[in-house]
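Analysis of the macromolecular model
This is what each chain is made of:
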Amino acid sequence: MISVVIPLYNKEKYISQTLESVFNQTYQQFEVIVVNDGSTDKSLEIASRYTDSCLRIISTENRGVSAARNTGIELANNKWIAFLDADDWWDVAYLTEMLETISEHPEQRLFASGRSRVFTSEIERYHHQLLPEEGKVSILNYLEVIAHYLPPINSSNSIIKKEVFDEKGYFRIHQKRHEDHDLWLRLCKDEKIVLLNKNLSFYRKLEEATGSKGHYDALDFKVYLNTLAEVAASITNQNQDFFKMYCDRFIPVTYLKNCGQYSTEEDQMIWEYIRLLVSKKQQRLLKIVKPFPYEMIAKLGKMFTS
């Protein structure tokens with residue numbers, strides 16, 4: 001009933017814990033598809049030590065995490081896709097709890113669990129006031145959540161009906177950052193997420209690998225902004241306000257963090273989307289503060305979220 005898709009690239013330190021968290025699940029009717037994306041360390045060797053009949057390992061040249069996930073989706077034999085990154089892990093009851101939730105909401109197609117970010121010295125639980133009480137289930141409006149908080153869904157706490165990808169598209173393989181956020185926007189613009197608020201998924205926050213660090217290439221940023229423009233043209237009236245709040249929060253901050261490294265042509269390209277997606281008020285603020293270093297701007301607090 002469940003196909004577990006694990007993209008694998010140079011995670012020799014963590015892949016054993018990831019795989020064992022799947023094989024130790026209290027629910028055992030699943031297949032595991034590990035897509036080895038051209039690893040150059042011992043990741044493939046370690047994964048290949050597992051001889052479970054439910055495990056398939058597919059090796060490809062290095063094409064990036066999106067291509068690896070897409071390969072897993074395409075090869076999946078079951079109607080539900082559970083994503084798990086190769087340095088993350090699940091509680092032993094993850095699949096059992098999630099499948100019970102799925103059975104209670106047969107009309108829904110997007111599901112997520114509660115989760116925690118795991119740092120070197122601490123574990124941080126994902127929580128905010130739009131979530132249901134601990135242990136409870138609610139149906140969330142994705143756009144309402146991201147207007148205020150981090151997304152409720154990620155690549156290790158989600159189970160999605162396979163047919164949704166055929167209808168709305170897969171991960172975009174030419175994106176290096178925010179490829180998962182891009183997909184969630186496209187999937188969730190007109191569908192809700194059923195969230196079981198139990199701490200069942202654990203996302204390892206690796207400083208050397210996280211997509212939230214480093215320079216956001218202008219062409220990569222453009223791809224995401226183009227998705228935002230597509231979503232803006234198709235969302236319902238009731239979601240317009242949430243969407244505008246998100247754009248006014250995310251786009252200015254992201255632009256200010258990275259614009260110092262954009263060429264004049266790249267800056268003009270990004271501004272075409274800013275004029276389309278960001279409110280006039282925020283555009284004026286951007287022009288005022290752009291000359292200052294982002295670190296100085298950040299100290300001003302909530303200028304771009306008020």
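Residues numbered from 1 in each chain as written. Predicted model: local features only at pLDDT ≥ 70, side-chain atom pairs only at ≥ 80, totals over all residues. Heavy atoms only, no water.

1. Comments concerning the environment of Gln261
Positionally, Gln261 belongs in the loop between helix H9 (237-258) and helix H10 (264-277). A C-alpha to C-alpha distance of 8.8 Å links Gln261 and Ala218, two positions 43 residues apart in sequence. Every residue in contact with Gln261, bar those within four places of it in the chain, is listed here: His215 and Glu266. (Helix = DSSP H or I, 4+ residues; strand = E, 2+ residues; numbered from the N terminus. Contact = heavy atoms within 4.5 Å.)

2. Comments concerning the packing of H9 against H10
It is at 10 Å that the axes of H9 and H10 come closest, and there the two elements cross at 160 degrees. In terms of orientation, H9 lies roughly antiparallel with respect to H10. In this structure, H9 meets H10 at a crossing whose hand is left-handed. From H9, Phe243, Cys247, Asp248, Ile251 and Tyr255 reach across to H10, where they touch Asp267, Ile270, Trp271, Ile274 and Leu277. Looking at the contact of H9 with H10, its residues break down into eight nonpolar, no polar and two charged. (Axes fitted to C-alpha atoms, helices over the stretch in contact; angles between N-to-C directions. Parallel < 35°, antiparallel > 145°, perpendicular 65-115°, else oblique. Left-handed = near helix turned anticlockwise from the far one by under 90°. Nonpolar A, V, L, I, M, F, W, Y, C, P; charged D, E, K, R; others polar.)

3. Some words on a positive patch on the surface
A cluster of basic residues, Arg275, Lys280, Lys281, Arg284 and Lys287, forms a positive patch at the surface. Per element, the largest residue contribution to the positive patch is four residues, and it comes from helix H11 (residues 280-289). Structurally, Lys281 can be placed in helix H11. (Patch = residues over 30% accessible without salt bridge, like charges linked within 9 Å, V, L, I, M, F, W, Y side chains within 5 Å. Areas by Shrake-Rupley, 256 points an atom, 1.4 Å probe, with all protein chains shown as cover. Salt bridge = Lys/Arg side-chain N within 4 Å of Asp/Glu carboxyl O. Lys, Arg positive; Asp, Glu negative; His and termini not counted. Charge placed at Lys NZ, Arg CZ, Asp CG, Glu CD.)

4. Some details on the packing of aromatic side chains
Counted according to the given criterion, the structure contains 12 aromatic pairs. Taking 5.4 Å as the distance between ring centres and 10 degrees as the angle between the ring planes, the aromatic pair formed by Trp89 and Phe202 counts as stacked. With Trp89 in strand E5 (residues 89-90) and Phe202 in strand E10 (residues 193-204), the pair connects residues that are 113 residues apart, well separated along the chain. Residue Trp89 shares its accessibility class with Phe202, and that shared class is buried. Each member of the aromatic cluster is reached from another via a ring pair, and the members are Phe83, Phe165, Tyr170, Phe171 and Trp184. A cation over an aromatic ring shows up here: Arg69 above the ring of Phe171, its NZ or CZ 5.0 Å from the ring centre. Across the ring face of Tyr216, the terminal group of Arg177 is positioned such that the distance to the ring centre comes to 4.7 Å. (Phe/Tyr/Trp six-rings, centres within 6.5 Å; stacked < 30°, edge-to-face > 60°. Buried < 20%, exposed > 50% of the residue type's maximum accessible area, 1.4 Å probe, protein only. Lys NZ or Arg CZ within 6 Å of the ring centre and 35° of its normal.)

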